[in-house]
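Read off the chains here:
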Amino acid sequence: MDEGARFELKYLVTLGERDALLAELGGELRPDEVGGGFYPVVTLYYDSPELDVYWDHWRGLPFRRKLRVRTYGTADGAIAPATFVEIKRKDGPWGAKRRLRLPLAAALAVAGGDPAAAGPLAGADRATAEEAAGMVAARGRRPLCLLRYDRRAGSRGEGEAALRLTFDTDLLARERELEPRPDAGGFDRAVVAAARCVLEVKGRGAVPLDVARLLSRRGLQPRSFSKYAAAAAALLPSPSPP
């Protein structure tokens, strides 16, 4: 599946600010079908030995790509697990994402540079597997860290006019046992303070005026923030630029 260009604004907000926003907007948001809008996310991020992805973010390069394997759901099956190979692109203020749903073992093999592990593919799915392999071959990307958080997510509107809001809390990372199993535990490094969460506002075109006014009224300003870069900084507190 290939998601077209969209804006993605990120905010670091307190849990109190999150609750206030939900009090005003929550009734308008259609919860994700997954978990009724509440579910854990576990993501394996890839980078080169020189940490190219990490440094590209901190240098603010306008065009960047991330390779990751992401799993949704719970180990007990209460929320059915689903795993994707994802390639996330950023081009200035716009972002796009390609994702390919696969069993966990196949997803890890594809992200490791073996597109044939996905089996017969066509169209956008084949392009995603081949692009992942190309990223591994060109820059030697390999698993670097695992990140887990709890997500509350919902959307307003339909089609091109849809607006999506996600609130991610309890961001935790580790650099061992790098397999993104559903609702994995055993994380030992906080990425964001427990009293704060990451708000992402996503859509196409422009932020609806009422939402922009609400965020402005509460003094919330978007910022450049990468969950992966924050996790890498927490795990590698003094990385050296190449």
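Just so it is clear, the structure is predicted and the values come from calculations on it, not from any experiment.

Caption draft 1: Fine view of the overall build of the protein chain. What the protein chain contains, in helices and strands, is six helices and ten strands. Radius of gyration (C-alpha) of the protein chain: 18 Å, near the 18 Å computed for a compact globule of 242 residues. Dimensions of the protein chain, computed from C-alpha atoms along their principal axes, come out at roughly 50 × 40 × 40 Å. Evaluated residue by residue, the protein chain yields a buried proportion of 49% over its 242 residues.

Caption draft 2: Quick look at the nonpolar core. In this structure, Tyr-54, Cys-145, Leu-147, Leu-171, Val-191, Val-192 and Tyr-228 are the most contacted members of the largest nonpolar core, which totals 29 residues. Counting only elements with at least two residues in this core, the list comes to β3 (38-47), α2 (52-59), β5 (82-91), β7 (142-156), β8 (163-174) and α6 (227-235). Counting residues per element, this core draws most heavily on α6, which supplies six residues. Counting residues in hydrophobic clusters, the runner-up holds 21 residues, among them Leu-102, Ala-111, Ala-118 and Ala-129.

Caption draft 3: Up close: helix α1 (residues 15-25). For α1, every residue scored as buried is listed here: Arg-18, Leu-21, Leu-22 and Leu-25. Across the axial projection of α1, the buried residues extend over an arc of 100°, all falling on one side. Seen from the buried face of α1, the exposed residues on the opposite side, beyond 90 degrees, are Gly-16 and Ala-23.

Caption draft 4: Inspection of the pattern of salt bridges at higher detail. Evaluated as defined, the whole model comprises 27 salt bridges. Note that Lys-202 and Glu-200 form a salt bridge whose closest N and O atoms lie 2.9 Å from each other. Since its relative accessible area comes to 6%, Lys-202 is described here as buried. Residue classification places Glu-200 among the buried positions, given a relative accessible area of 2%. Through salt bridges that share partners, Arg-151, Asp-168, Glu-200, Lys-202 and Lys-227 make up one connected network.

Caption draft 5: Local environment of the environment of Pro-40. Here Pro-40 lies in strand β3. The exposure class assigned to Pro-40 is buried, which follows from its relative accessible area of 6%. The spacing of Pro-40 and Thr-169 is 129 residues in sequence and 9.6 Å in space, taken between C-alpha atoms. Every residue in contact with Pro-40, bar those within four places of it in the chain, is listed here: Thr-71, Tyr-72, Gly-73, Thr-74, Ile-79, Arg-148, Tyr-149, Asp-150 and Asp-183.

Caption draft 6: Structural detail: the packing of aromatic side chains. Within the structure shown, the criterion is met by five aromatic pairs. Centre to centre, the rings of Tyr-39 and Tyr-72 are 5.8 Å apart; their planes meet at 65°, and the pair counts as edge-to-face. In this pair, Tyr-39 is assigned in strand β3 and Tyr-72 in strand β4 (residues 63-72), connecting sequence segments 33 residues apart. The pair formed by Tyr-39 and Tyr-72 is uniform in burial state, with each residue classed as buried. An angle of 85° between the planes, with centres 5.0 Å apart, marks the rings of Tyr-54 and Trp-55 as edge-to-face. For the pair shown, Tyr-54 and Trp-55 are each scored as buried. An aromatic cluster of at least three residues, connected via ring pairs, comprises Tyr-39, Tyr-72 and Phe-84. For the cation-ring pair, Arg-99 lies above Phe-84, with the distance from its terminal atom to the ring centre recorded as 3.8 Å. Of note, Arg-174 hangs over the ring of Phe-187, and the distance from its end group to the ring centre comes to 4.5 Å.

Caption draft 7: Representation of the pairing of β3 in the model. The buried fraction of β3 amounts to nine of the ten residues, a majority that puts the element mostly inside the structure. Bridge count between β3 and β4: five bridges; the pairing is antiparallel. What sits directly across from Tyr-45, in β4, is Arg-68.

Caption draft 8: Just unusual backbone geometry, in detail. A positive phi angle is found at Leu-51, which is not glycine, with a value near 60°. Looking at where Leu-51 falls in the secondary structure, it is placed in the loop between β3 and α2. What makes Leu-51 buried here is its relative accessible area of 9%. Of note, the phi angle at Asp-183 is positive, near 55°, even though the residue is not glycine. Along the chain, the position of Asp-183 falls in the loop between β8 and β9 (189-190). Its relative accessible area of 31% is what places Asp-183 among the partly exposed residues.

Reading the values: the criteria
- Residues numbered from 1 in each chain as written.
- Predicted model: local features only at pLDDT ≥ 70, side-chain atom pairs only at ≥ 80, totals over all residues.
- Heavy atoms only, no water.
- Helix = DSSP H or I, 4+ residues; strand = E, 2+ residues; numbered from the N terminus.
- Rg over C-alpha atoms; globule rule 2.2 N^0.38 Å.
- Buried < 20%, exposed > 50% of the residue type's maximum accessible area, 1.4 Å probe, protein only.
- Core = buried A, V, L, I, M, F, W, Y, C linked by side-chain atoms within 4.5 Å.
- Arc of directions from axis to C-beta.
- Salt bridge = Lys/Arg side-chain N within 4 Å of Asp/Glu carboxyl O.
- Contact = heavy atoms within 4.5 Å.
- Phe/Tyr/Trp six-rings, centres within 6.5 Å; stacked < 30°, edge-to-face > 60°.
- Lys NZ or Arg CZ within 6 Å of the ring centre and 35° of its normal.
- Pairing = 2+ DSSP bridges.

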